[in-house]
Each structure stands twice: as C-alpha cells, then as structure tokens.
Amino acid sequence: MGKLPPAFIRGLRRIVGRKNLLQKPTDLFAHSYDATNKPLQPQLVVRVTDRGQVPPILRLANFFKIPIVPRGAGTGFTGGSLTVRGGVVLLLDRLNRILGIDETRREAVVEPGVVTEDLQRAVEKIGLFYPPDPASQDVSTLGGNFSENAGGPRGVRYGVTGDWVKSVLAALPDGTLVDSGEDPALTQLLLASEGTLGVALELRLHLAKFPPDTATVRALFPDTAKACDAVTEILSSGLAPSKLEFMDAETLRCVSRYLGEPPPPGDSTLLLVELDGSPGEVGDNLPAVRGIYERRGAVELSVAREAAEQEKLWAMRRAGSPAVARLKPLKINEDVVVPRGALPRMVETIEELRHRYNLSIPVFGHAGDGNLHVNVMCDPADSGEHARARKALDELLAAVLALGGTLSGEHGVGLSKQPFIGRELPESVIELSRRVKRRLDPRNVLNPAKIIPPSEE
Ligand SMILES: Cc1cc2nc3c(=O)[nH]c(=O)nc-3n(C[C@H](O)[C@H](O)[C@H](O)COP(=O)(O)OP(=O)(O)OC[C@H]3O[C@@H](n4cnc5c(N)ncnc54)[C@H](O)[C@@H]3O)c2cc1C
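Owing to the predicted nature of the structure, the values given are computational and were not obtained by experimental measurement. (Residues numbered from 1 in each chain as written. Predicted model: local features only at pLDDT ≥ 70, side-chain atom pairs only at ≥ 80, totals over all residues. Heavy atoms only, no water.)

**As for the overall build of the protein chain**
Of regular secondary structure, the protein chain possesses 16 helices and 18 strands. For 457 residues, the compact-globule formula gives about 23 Å, and the C-alpha radius of gyration of the protein chain, at 23 Å, lands near that figure. Counting only C-alpha atoms, the protein chain reaches 70 × 60 × 45 Å along its principal axes. Looking at the protein chain as a whole, 54% of its 457 residues are labelled buried. Taking the contacts inside the protein chain whose residues are at least 6 apart along the sequence as the reference set, 71% of them involve residues at least 24 apart. Of the roughly 19,900 Å² of accessible surface on the protein chain, 52% is carried by carbon and sulfur atoms. Side chains of the protein chain give 56 positive and 57 negative charges; the mean places of these two sets differ by 7 Å. (Helix = DSSP H or I, 4+ residues; strand = E, 2+ residues; numbered from the N terminus. Rg over C-alpha atoms; globule rule 2.2 N^0.38 Å. Buried < 20%, exposed > 50% of the residue type's maximum accessible area, 1.4 Å probe, protein only. Contact = heavy atoms within 4.5 Å. Areas by Shrake-Rupley, 256 points an atom, 1.4 Å probe, with all protein chains shown as cover. Lys, Arg positive; Asp, Glu negative; His and termini not counted. Charge placed at Lys NZ, Arg CZ, Asp CG, Glu CD.)

**Section: the UniProt feature "domain: FAD-binding PCMH-type" (unreviewed entry) in the protein chain**
Sequence positions flagged by UniProt for "domain: FAD-binding PCMH-type" (unreviewed entry) are, in local numbering, residues 38-210. In this annotation, residues 38-210 is assigned 22% helix and 25% strand; the end-to-end C-alpha distance for the span is 39 Å. (UniProt positions renumbered as here; feature names shortened; annotations may be inferred.)

**Re the environment of Ala73**
Within the secondary structure layout, Ala73 lies in the loop between β3 (68-71) and β4 (88-91). Classification of Ala73 by relative accessible area gives partly exposed; the value is 29%. Taking the C-alpha atoms as reference points, Ala73 and Ser193, 120 residues apart in sequence, are found 17 Å from one another. Setting aside residues no more than four positions away along its own chain, Ala73 makes contact with Val139, Ser140 and Thr141.

**Examining the site of the ligand**
Of all residues adjacent to the ligand, which total 33 residues, the nearest are Pro70, Gly72, Thr75, Ser136 and Thr141. The backbone of Ala73 places a nitrogen or oxygen atom 2.9 Å from an oxygen atom of the ligand. Between the ligand and Asn145, the relevant distance is 2.9 Å, taken from an oxygen atom to a side-chain nitrogen or oxygen of the residue. Expressed as a share of its isolated accessible area of 970 Å², the protein-covered part of the ligand is 92%. For the shell around the ligand, the secondary-structure elements that each account for two or more residues are β3, α5 (142-148) and β10 (199-206). In terms of residue count, α5 provides more of the shell around the ligand than any other element does, five residues in total. Here the shell around the ligand gathers at least three residues from each of two domains, domain 1 (6-91) and domain 2 (98-209). (Near = heavy atom within 4 Å. Polar contact = N/O pair within 3.5 Å; in protein donor to acceptor, adjacent residues only side chain to side chain. Domains from an automatic or database assignment.)

**Focus: helix α13 (residues 343-356)**
Compared with the 20 Å implied by 1.5 Å per residue over 14 residues, the 20 Å span of α13 between its first and last C-alpha is a close match. Inspection of α13 places Leu343, Met346, Val347, Thr349, Ile350, Leu353 and Arg354 among the buried residues, and these make up the whole buried set. Mapping the buried residues of α13 onto a view down its axis gives an arc of 155 degrees, with all of them on the same face. In this structure, the buried side of α13 is in contact with α8 (224-236), β13 (243-247), α9 (249-259), β17 (363-366), β18 (371-378) and α14 (383-402). Trailing α13 by a residue or two, Asn358 shows a phi angle of about 50 degrees, which is positive. (Expected span 1.5 Å × (residues − 1). Arc of directions from axis to C-beta.)

**Side note on the sheet that holds strand β2 (residues 44-47)**
If you walk across this open sheet you meet the four strands as β1-β2-β4-β3, and the pairing is mixed. Two strands bound the open sheet, and with one partner strand each, they are β1 (21-22) and β3. Inspection of the sheet shows β1 paired to β2 by two bridges, in the antiparallel sense. Across the sheet, the residue bridging to Leu21 is Val46, located in β2. On top of the sheet, helix α3 (residues 54-64) reaches β2, β3 and β4; it is set at about 150 degrees to β3, its chief contact. (Pairing = 2+ DSSP bridges. Axes fitted to C-alpha atoms, helices over the stretch in contact; angles between N-to-C directions.)

Structure, rendered in structure tokens:
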C-alpha cells in the first residue's frame, strides 16, 4: 500500500473542505473497526456533508485508482465498511436528513445517513410505520441497512429492508448518478451490494399504517424440541405474528448472569411472540397463541399488553448479544438461515457440535424466519479450543447447506464470509458477479476485495 498521492488529497480537500479530511491517528483508528472487531486501518477518512460531493470524489478516486469504502455507522458484522489494502473511508453519516414524508402516498424520502430509529420515530408521530428493525436500529443507518438488506424480528411478518425500498438514487463507481425510479431490477442490483456497486445517496421508502395495538407473549419451554414444535404450529396456524424470537438454554444462562437474575431451570428455551394489529385482532389471536404454547408444554407463560410491560419481556432478548459476548474473547457470530421446517434438525446439530467439540455455542434469533445467530465462542489464545471452534464452524456451515439453508441471513458477506461463498454459490454465479463488478467498476475502486473472492487467473 503506497502513500496517497498529494494531488489526490488536494483534490479531496477542494471537494469537502479541510475539516472534513480526517487523518489524525485517532480518526484512522476509530474508523478501522466495525462489529467484527478485526481492525483494518484506512489511510484517510473523508466526511461527506453534501451528496453532490460524492460523484467528484469517485471520479477522482478512479483517476488515481484509490479504493473508496462507503461507511454508515460502522455496525456491520462482516467487515464491509473496512479498507482491505488501505484507501479511503467515505463517511456518509452526516447525510442524515429526512427529506420528506408523504402521508397520503405512505412514502418517506431519506438521505443514507439517517439512523433507522430516527425515521421510525418521525413516521410514528403521524401514525405511520417503518417496520424493518435490526437490533442495531438505534445506531445503524438506512444506507447501511439498504446495502446489507438488514432484517430484524419483524421480518417474519413484514419482511426485510429491501421489501420497503421503492427506489434508490445512487452514485455508480465512476461517479455517474442513477435513479432506479420505477425500475425494480436496478433497485435489486444495488440492494445488499454492500457498497461494492454504488453509493446510495437517497432512498425512497414505503411506509405502512402504524399498528394500533400489540401484545407480547413470553414462554419458557422445558427443551428446545418443544419450543420448535410451538414455532411450527404458530406458523402453520395462520396467526401471522409480528415477531417470533428464540433463545436457547445456553444463551438464557448468559443473559441471566448478565442481568443478575436467577437462571431458568435446566435446558429451558425461550420463545417470544409479538402480535400486532387492531385491538380486536390482537385480542382474538392471543388465546390461540396461549393455547399453542400450553399444548406444546410451556412451563412459564407471561402476557403483556402495555408498552412498559412488553419492554420488560423483551429485555432478555435484547440482552442476548452483549451477554453472550462476555463468555469468551472471540465470538464467531454466524447468521445462518434454514427452511423453517428444518429448525429442529438445525438446533439438534448445534447441540451435537457443542458436546462433541466441548464448546459454548449460544444460539438465538428469528425463529419465525429460520434465521439463527449461532455464536461459536472461543479463546484464540487457547490454540486447542480455537482449532475446535474452526472445525465446529466448518461442520455447522456444511449442515446449514445440507438442510437447504444459506450462510448469511442478514449480516452480508463482506470479508468474514467471503471464504465460504464458494460453498453456497456455483462458480458460474460467482464469475457472473465478477463480470457485473468489472463492468460497473473497471478500475475496481469502490469497496474492492469484498463479497466475491478474487478470480484465480
Ligand atoms: C449489536 C448489533 C446488532 C445487530 N443486529 C442486526 C440485526 O438484527 N439485523 C441485521 O440485519 N443486522 C444487524 N446488525 C448488523 C448491522 O447493524 C447492519 O448490517 C446494518 O445494516 C449496518 O448499518 P451501518 O450503517 O452500520 O453500515 P456500515 O457497517 O457502516 O456498512 C455496512 C456495509 O454497507 C456499506 N454502506 C454503508 N452505507 C452505504 C451507502 N450509503 N451506500 C453504499 N454502501 C453503503 C458499507 O460499505 C458496508 O459494506 C447488528 C450489529 C450490531 C453491532
């Protein structure tokens, strides 16, 4: 990695101004991380304050052939916002204006740096609803959500980010602006492209009517098999819950320790269901959920109708990620999806790996979508444990594919999952993706070396 050419830096300074070129060691350090906790330091951070600055920055980067890596809030789990071989981080979090909310058309137009929850709050004030709810929603940006096609608990009923994007205005790698307008194919091409095919500068999003009522039902089951049976019955009953979340016994033990509460008995597994809709619908569906839970052997059942009570029931689920992270220095956080019907088999496989490799593998996630966050925990300083974790991971991924699943539900591929992509996609598809990238980005400047492994020639 050579030094950045002075003429390139001068050009950037003319576009964004001196104070938006961040090059102090602390700035570079702060932008060398995302949630993977594997730092890769950029040579420069450029803070964009007006979207009109992005096309000339990209043209300049093409001229000098310098990598440009878009970044929202840097909460990604797969290294997408990190520079691989130096280059520039393009910081988009100041493009954070909600440009308009059209109540009649139920649409919002936003800049990419708007924090997800800020949009949700703004539309809720006028009775509208933006459902995608990644657990990082109080920090992550809508541009980052679009680029990863982020999902969350509400995915089971409302789908993921891509289901709510009407169109995108983006700068292609050479700086050309395109508006996908009514062309869904262009929106789809850029969606989940992890900042490798374009920089999203404006998103037009669909909104729904805010559901007037919700209820949460939390239940503990004596074992995972019974909880999986309850999931299957709820989904086949036509109840359409707005959330259906799962936490296994190992996660529950971590969470209890983290929250300073007594651990639940034995191998208890937790299921949380949220229902939403009109008060009538919610009231009518609650007894059906209770009935299923009771028939499937729930040992402890709590129902909450008021917001504050519901929040208490969700506290355990929200604590899942931070609680698990305290177990060991390294959390290999896999985000796998299996067909819903294969959930019990997947959970059994994880249980078997846990015992055979003598590892902590807490699991939680969106049971309603078959999307499980499987956390293989280890201490890299313990070479034996680290090697066992790598083997368990390898077998886990093989099992997911054998069950007809996918290796990345919502966290993208980035760098972390790049080594495994060839196990899921045929070489013909990978080669086609390389050709699309080469066509749109012949100088390979926009977020290079991500998602698709380099070709062997
Ligand atoms: C505690 C925690 C919980 C999480 N929970 C969830 C969850 O429930 N569901 C889920 O899906 N994810 C989750 N994530 C992962 C992460 O928050 C999401 O992937 C989120 O969408 C990333 O948004 P960001 O603004 O932080 O993007 P960044 O991390 O900054 O970037 C992510 C990718 O998008 C690209 N990018 C960012 N902005 C743009 C843009 N405007 N144009 C083009 N490319 C761009 C970057 O280059 C990078 O490849 C979680 C992360 C954490 C730390």
